[in-house]
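Listed below are the residues making up each chain.
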Amino acid sequence: EGETVETSRGERVLVLRPTLAEFVLEMPRGAQVIYPKDLAVLLLWGDVYPGATVVEAGTGSGALTMTLLRAVGPAGRVFSYELREEFARQAQRNIARFLGEAGNLTLRAHDIYVGIPDGPVDRLFLDLPEPWLVVDHAADALRPGGVWVSYVPTVPQAQQTVETLQRSGRFAMIETIEALIRPWNIDGRSVRPAHRMVAHTGFITAARRIAGRA
Ligand code: SAH
């Protein structure tokens, strides 16, 4: 995690590995990455646990993929689908650099709007433009009680997602949230919120697969 090295001028320097949150903000990206404030919330709202089988689309730059891999641990599995080959390749490089060889990750060049070729799965994560097109496939792939999580930047997308989940009759406990984190400055007498924060990113919708209409 950390190592002390000596410079050529004899100064001792402590070198630290970046945290996952630091790494995702610095790594090369093809697609936009999910910010740490949302990655943190996605994990708990998606109820990810060690040993879980998770499907995710799209892979993008791999920020969520890495977060999921760490949370499911070596006993879990992550299947991640990406339409664009160059994004998948960049994600693979990012993941290998931070996590090393991830034997429990399967990356597929696949359009999830067409279907979910892996399963049954415990948790599903969607970061793509039209998550409502995945509702039927998700209901087929998720185990009863499994959790759906989707992430979209605009209100019409969130609304269409929720209305499609409601109409399907195969999901319940549908909830939409957004995460705001306000950093603080605590420095001598200057104790106040920071001047800047990441304002809008996306809306998170979570839902449970229920054993309703097959
Ligand atoms: N969550 C990622 C970012 C995803 S960006 C991260 O944290 O790094 C959205 C990605 O979804 C893009 O790379 C896009 O190519 C991919 N995508 C869009 N539609 C898709 C589909 N139908 N199936 C699979 N991937 C899709």
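Residues numbered from 1 in each chain as written. Predicted model: local features only at pLDDT ≥ 70, side-chain atom pairs only at ≥ 80, totals over all residues. Heavy atoms only, no water.

*Asks:* How would you sum up the packing of helix H3 (residues 63-72) against helix H4 (residues 85-99)? Please name residues and give values.
*Replies:* Running from amino to carboxyl end, H3 crosses H4 at an angle of 40°, the nearest separation of the two axes being 10 Å. Our classification of the angle between H3 and H4 gives oblique. Along this stretch, H3 crosses H4, giving a crossing that reads as right-handed. Between H3 and H4, the contacting residues are Thr65, Met66, Leu69 and Arg70 on the first element and Asn94, Ile95, Phe98 and Leu99 on the second. (Axes fitted to C-alpha atoms, helices over the stretch in contact; angles between N-to-C directions. Helix = DSSP H or I, 4+ residues; strand = E, 2+ residues; numbered from the N terminus. Parallel < 35°, antiparallel > 145°, perpendicular 65-115°, else oblique. Left-handed = near helix turned anticlockwise from the far one by under 90°. Contact = heavy atoms within 4.5 Å.)

*Asks:* Provide a residue-level description of the site of the ligand, including the pertinent values.
*Replies:* Close to the ligand lie 23 residues; Glu82, Phe87, Asp111, Ile112 and Asp127 are nearest. Taking Asp111, its side chain carries an N or O atom lying 2.7 Å from a nitrogen atom of the ligand. Within the complex, 91% of the 590 Å² of free accessible area of the ligand lies under protein. Those elements giving two or more residues to the shell around the ligand turn out to be H3 and strand S4 (77-82). By residue class, the composition of the shell around the ligand is 12 nonpolar, seven polar and four charged. (Near = heavy atom within 4 Å. Polar contact = N/O pair within 3.5 Å; in protein donor to acceptor, adjacent residues only side chain to side chain. Areas by Shrake-Rupley, 256 points an atom, 1.4 Å probe, with all protein chains shown as cover. Nonpolar A, V, L, I, M, F, W, Y, C, P; charged D, E, K, R; others polar.)

*Asks:* Explain the nonpolar core to me, and be specific about the residues and the numbers.
*Replies:* By size, the foremost hydrophobic cluster in this structure holds 32 residues, and its most contacted members are Met27, Leu42, Leu64, Met66, Leu68, Phe125 and Ile204. Of all the elements in the fold, those that place two or more residues in this core are helix H1 (20-26), helix H2 (36-45), H3, H4 and strand S7 (142-152). For this core, the element with the highest residue contribution is H3, accounting for seven residues. Residues in contact with Met66, not counting those within four places in the same chain, are Leu20, Phe23, Met27, Ser61, Asn94, Ile95, Phe98 and Leu99. (Core = buried A, V, L, I, M, F, W, Y, C linked by side-chain atoms within 4.5 Å. Buried < 20%, exposed > 50% of the residue type's maximum accessible area, 1.4 Å probe, protein only.)

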